[in-house]
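Spelled out, the chains give:
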Amino acid sequence: MLKAAWLIDKVGPKGARTEIAAIKVAAPRAALNVLDRAIQLHGGARVSQDFPLAGAWAGLRTLRLADGPDEVHLRTITRMELGRRPEGTAVHNDASAARATGDAVPQPHGAG
């Protein structure tokens, strides 16, 4: 989070897009993980309306949707990272790599 804030100060929000998207995924997930552990620690009673943990969990869960679902942010990160690869390099799977080198093409598990 600190790196994203520093980058925003130095290069602006457009220059920090990848880090901003990463924080929008990582922060709510981390908070939900901590809260889920607290619920586990305190047992089933903590998911009742008698205690604030269930309400806090529901509130935190909406953070993963508030500024777009995680998948949107992960797509942004992927596009930005793929855009950073050196010019002329291709993204390919194991089968295309094997064809290019003349090696045996990997088959799905259980295929001939």
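Participant: I would appreciate a short explanation of the overall build of the chain in the present structure.
Facilitator: Along the chain, the regular secondary structure elements total six helices and zero strands. Its helices and strands in sequence order give the chain the pattern α-α-α-α-α-α, from N to C terminus. Across the 112 residues in the chain, those meeting the buried criterion constitute 20%. For the chain, the exposed surface amounts to about 8300 Å²; the carbon and sulfur share of it is 59%.

Participant: Hey, could you run me through the side chain of Thr76 in this one?
Facilitator: Assignment of secondary structure puts Thr76 in helix H5 (residues 70-83). Apart from the residues within four sequence positions on either side, Thr76 is in contact with Arg17 and Ala21.

Participant: What am I meant to see in H5 here?
Facilitator: Counting along an α-helix, one turn takes 3.6 residues, and residues three or four places apart therefore face a common direction. Helix length check: H5 (14 residues) gives 20 Å between terminal C-alpha atoms against 20 Å at 1.5 Å per residue, within 8%. The complete set of buried residues in H5 reads Asp70, His73, Thr76 and Ile77. In an axial view of H5, the angular spread of the buried residues amounts to 125°, which keeps them on one side of the axis. Opposite its buried face, H5 presents the exposed residues Glu71, Arg79 and Gly83, each directed more than 90 degrees away. Tucked into the core, H5 has its buried residues touching helix H2 (17-42) and helix H4 (63-66).

Participant: Mind showing me how you'd approach the confidence of the model for the chain here?
Facilitator: It should be kept in mind that the predicted coordinates are not to be read in detail where pLDDT is low. Here the chain averages 76 in pLDDT, while 72% of its residues score no lower than 70. Within the chain, helix H6 (residues 94-101) has the poorest average pLDDT of any element, 51, and helix H1 (residues 2-15) the best, 92.

Participant: Would you mind going over the side chain of Thr18 with me for this structure?
Facilitator: Following the sequence through the fold, Thr18 ends up in helix H2. Look past the residues within four positions of Thr18 in its chain and what remains in contact with it is Ile77, Met80, Glu81 and Arg84.

Participant: I would appreciate a short explanation of the packing of H2 against helix H3 (residues 53-61) in the present structure.
Facilitator: For any two helices packed against each other, the geometry is given by the interaxial angle and the distance between the axes. Contact pair H2 / H3: the axes reach a minimum separation of 10 Å and the direction vectors enclose 160°. As far as their axial angle goes, H3 and H2 are roughly antiparallel. Where H2 crosses over H3, the handedness of that crossing is left-handed. Two secondary-structure elements touch here, H2 through Ala31, Leu32, Leu35, Ala38, Ile39 and His42 and H3 through Leu53, Ala56, Trp57, Leu60 and Arg61.

Participant: Would you mind showing me how to read the packing of H2 against H5 here?
Facilitator: At their nearest, the axes of H2 and H5 sit 9 Å apart, and the two run at 145° to each other. The element H2 and its partner H5 pack so that their crossing is left-handed. Across the interface between the two elements, Arg17, Thr18, Ala21, Ala22, Lys24, Val25 and Arg29 of H2 pack against Asp70, His73, Leu74, Thr76, Ile77, Met80 and Glu81 of H5.

Scoring rules and cut-offs
- Residues numbered from 1 in each chain as written.
- Predicted model: local features only at pLDDT ≥ 70, side-chain atom pairs only at ≥ 80, totals over all residues.
- Heavy atoms only, no water.
- Helix = DSSP H or I, 4+ residues; strand = E, 2+ residues; numbered from the N terminus.
- Buried < 20%, exposed > 50% of the residue type's maximum accessible area, 1.4 Å probe, protein only.
- Areas by Shrake-Rupley, 256 points an atom, 1.4 Å probe, with all protein chains shown as cover.
- Contact = heavy atoms within 4.5 Å.
- Expected span 1.5 Å × (residues − 1).
- Arc of directions from axis to C-beta.
- pLDDT = per-residue confidence, 0-100.
- Axes fitted to C-alpha atoms, helices over the stretch in contact; angles between N-to-C directions.
- Parallel < 35°, antiparallel > 145°, perpendicular 65-115°, else oblique.
- Left-handed = near helix turned anticlockwise from the far one by under 90°.

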